[in-house]
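# Commentary on secondary and tertiary structure
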Amino acid sequence: MADRDDPETIGRRVQRLRHERGLTQKQLAEPAYTPAYISTLESGRVRPSDEALKHLAGRLGVAFDELATGRPAHLATGLRLRLTDAQRTLATGEAEIAAEQYRELLGEADAHGLVAEQAAALLGLGECALELGDLATGRQFFERAEERLGDAPLPSRVPALRGRAVSHYLAGELRYACYLLESTLDELNRSGLHDPDALLLLYASAIGPYMDMGAHARAAQAAEFALALAPQVKDPALVARMHRSVARTLIAEGRIAEADASLVKAAELYRQLQIRTELANCHWMRGYLYAQNGELERSESELREALAMLSATRAALYRSQAVVELADVLHRRGESAEAAALLHEVLGDIGPERGAVHSAAAHRLLGIIAEDARDTEAAEEHYVRALSLLERAGAAGDLADLCRLLGDLLRRTGRVEAALDAYRTGLGHRTAPGTTTLGPAPAQPPL
């Protein structure tokens, strides 16, 4: 038994339990052992075999594990039940309370050397940190969870790896997020570790970074694989996440009705599971879908619903990102002053290290609003800031359009050479979106 205590500790434990039960060494030893053996064992001079420990545990009325390790009976089971309670607390949007629960559970798991429970508590703390917008802390928790599971099979480590990738993605490090997800997918597929839950989690998580990088074909392929894996997955929260992610590729392909159907499925599952932040994100995504389809009134309604829910759950980063989407809709509805006020409000919460892609979108929209007001200096400043954020993040999907806006502005103000440079930069990103930053696609799963 790998985590058994040393002979001296076990000896003291046997002696204490024997005294508590009022047994003599002879009574404890009979019928399989001698009093001399018990005396030698209690003094720590012999390492008891599994057979001896089973005999002693039976005579002392304790579980084998408790005698060998000192862990109270059913400790691991109790911790797992409380981990489920903490997960439920996080699902209802109480991330700060859930984090307190996870910290307490981590302390208990550490004290008793329960590796799986340590990793689960660290994963929970990572998810709480992401919801609260503390990406660096979340990443540290995911890294520690991965370290705890260092000897476990790769599918067991996938949630921690995925958590790391998401923290990098939200920070605007798109290439590295893709690298983490793709290298893990490759290892799973090429080594024959075809765990449907792990594969689905990775493919669904890769769609967002792919889309932001302009790698639409690869995002569509990931969505196709995720949909094919879904019937083998029994976790409804994982299936809901898949439907929400796949909807983004369907929107990009103009398949609005199918995208809406996917979001309806996801929202219904999240509603049943009472996972409030993810349900809010479904409203956010439906708002984006309606905006793309020109249904601005419906879009505004969905986005305001998302914001109300995200404010209630104090999911600060996600709320700031949804505000940028709402500001775009308000601008298109002629409410540019309110849109600009919202954008200036959230720019303090997002930036290069936190929501870089949405920060760039905010600067892009402020540039458009400034152009409408004929403030070309402010417009150029916002476009340049957006360009810097997108280039740093590698978000090729939005760079070409931004370069066109900047080029048009420079041309109108008589700076033709600078305008040509901006256009050339945009054309470079338009020609082969995503292919300059990503290697070969991951190996295909056996579907």
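Values in this document were obtained by computation on a predicted structure and should not be read as measured data.

## Re the nonpolar core
Across soluble globular proteins, nonpolar side chains have a tendency to be buried as a group. Of all hydrophobic cores here, the largest spans 66 residues; its most connected members are Leu188, Leu200, Tyr203, Tyr210, Met242, Leu289 and Tyr383. Sorting elements by how many residues they give to this core places helix H12 (residues 196–213) first, with 12 residues. One finds Ala99, Leu114, Tyr318 and Val324 within the second-largest nonpolar core, a separate group that totals 65 residues.

## Regarding the pattern of salt bridges
Taken as a whole and assessed by the stated rule, the structure comprises 35 salt bridges. Of the charged contacts in the structure, one is a salt bridge between arginine 18 and glutamate 42, with a shortest N-O distance of 2.7 Å. Residue arginine 18 is located in helix H1 (residues 7–20), and its partner glutamate 42 is located in helix H3 (residues 35–42); the two are separated by 24 residues in the primary sequence. Relative accessible area serves as the criterion here: at 7%, arginine 18 is assigned to the buried category. Among the residues examined, glutamate 42 registers a relative accessible area of 7% and is labelled buried. Between arginine 319 and glutamate 345 there is a salt bridge; the shortest N-O distance is 3.9 Å. Here arginine 319 is found in helix H18 (residues 316–332), whereas its partner glutamate 345 is found in helix H19 (residues 336–346), with 26 residues between them in sequence. Classification of glutamate 345 by relative accessible area gives partly exposed; the value is 46%. One connected set of salt bridges, linked through shared partners, spans Arg364, Asp401, Arg404, Asp408 and Arg411.

## Notes on the side chain of glutamate 146
Examined against the element boundaries, glutamate 146 turns out to sit in helix H9 (residues 135–148). The residues contacting glutamate 146, other than those within four sequence positions of it, are Arg157, Ala160, Leu161 and Arg164.

## Regarding H19
The set of residues buried in H19 consists of Ala339, Ala340, Leu342, Leu343 and Val346. Buried residues of H19, seen end-on, are gathered within an arc of 160° and therefore sit on one face of the element. Exposed and facing more than 90 degrees away from the buried side of H19 are Ala337 and His344. Elements that come into contact with the buried residues of H19 comprise H18 and helix H20 (356–372).

## Digging into the UniProt feature "domain: HTH cro/C1-type" (unreviewed entry) in the chain
The positions that UniProt labels "domain: HTH cro/C1-type" (unreviewed entry) are, in the present scheme, residues 14–67. Overall, residues 14–67 shows 65% helix and 0% strand. The separation of its end C-alpha atoms is 7 Å.

## Focus: helix H7 (residues 95–112)
Between the first and last C-alpha of H7 there are 26 Å, a value that for 18 residues agrees with the 26 Å anticipated at 1.5 Å per step. Listed as buried for H7 are Ala95, Ala98, Ala99, Tyr102, Leu105, Leu106 and Ala109. When H7 is viewed along its axis, its buried side chains cluster within an angular range of 130° and face the same direction. On its buried side, H7 packs onto helix H6 (75–91), helix H8 (115–131) and H9. Just downstream of H7 lies glycine 113, where phi reads positive at about 65°.

## With respect to the confidence of the model for the chain
Residues of the chain with pLDDT of at least 70 account for 95%, and the chain-wide mean is 89. Mean pLDDT values for the elements of the chain range from 79 in helix H23 (residues 416–431) up to 95 in H9. The low-confidence segment residues 431–438, where pLDDT is below 50, has 14 contacts with residues more than four positions distant or belonging to other chains.

## Describing the state of the cysteines
Counted under the stated rule, the structure contains 0 disulfides. Of the cysteine sulfurs around cysteine 128, a residue in no disulfide, the closest is that of cysteine 282, at 20 Å. Since its relative accessible area comes to 1%, cysteine 128 is described here as buried.

Thresholds, definitions, all that
Residues numbered from 1 in each chain as written. Predicted model: local features only at pLDDT ≥ 70, side-chain atom pairs only at ≥ 80, totals over all residues. Heavy atoms only, no water. Core = buried A, V, L, I, M, F, W, Y, C linked by side-chain atoms within 4.5 Å. Buried < 20%, exposed > 50% of the residue type's maximum accessible area, 1.4 Å probe, protein only. Helix = DSSP H or I, 4+ residues; strand = E, 2+ residues; numbered from the N terminus. Salt bridge = Lys/Arg side-chain N within 4 Å of Asp/Glu carboxyl O. Contact = heavy atoms within 4.5 Å. Arc of directions from axis to C-beta. UniProt positions renumbered as here; feature names shortened; annotations may be inferred. Expected span 1.5 Å × (residues − 1). pLDDT = per-residue confidence, 0-100. Disulfide = S-S within 2.5 Å.

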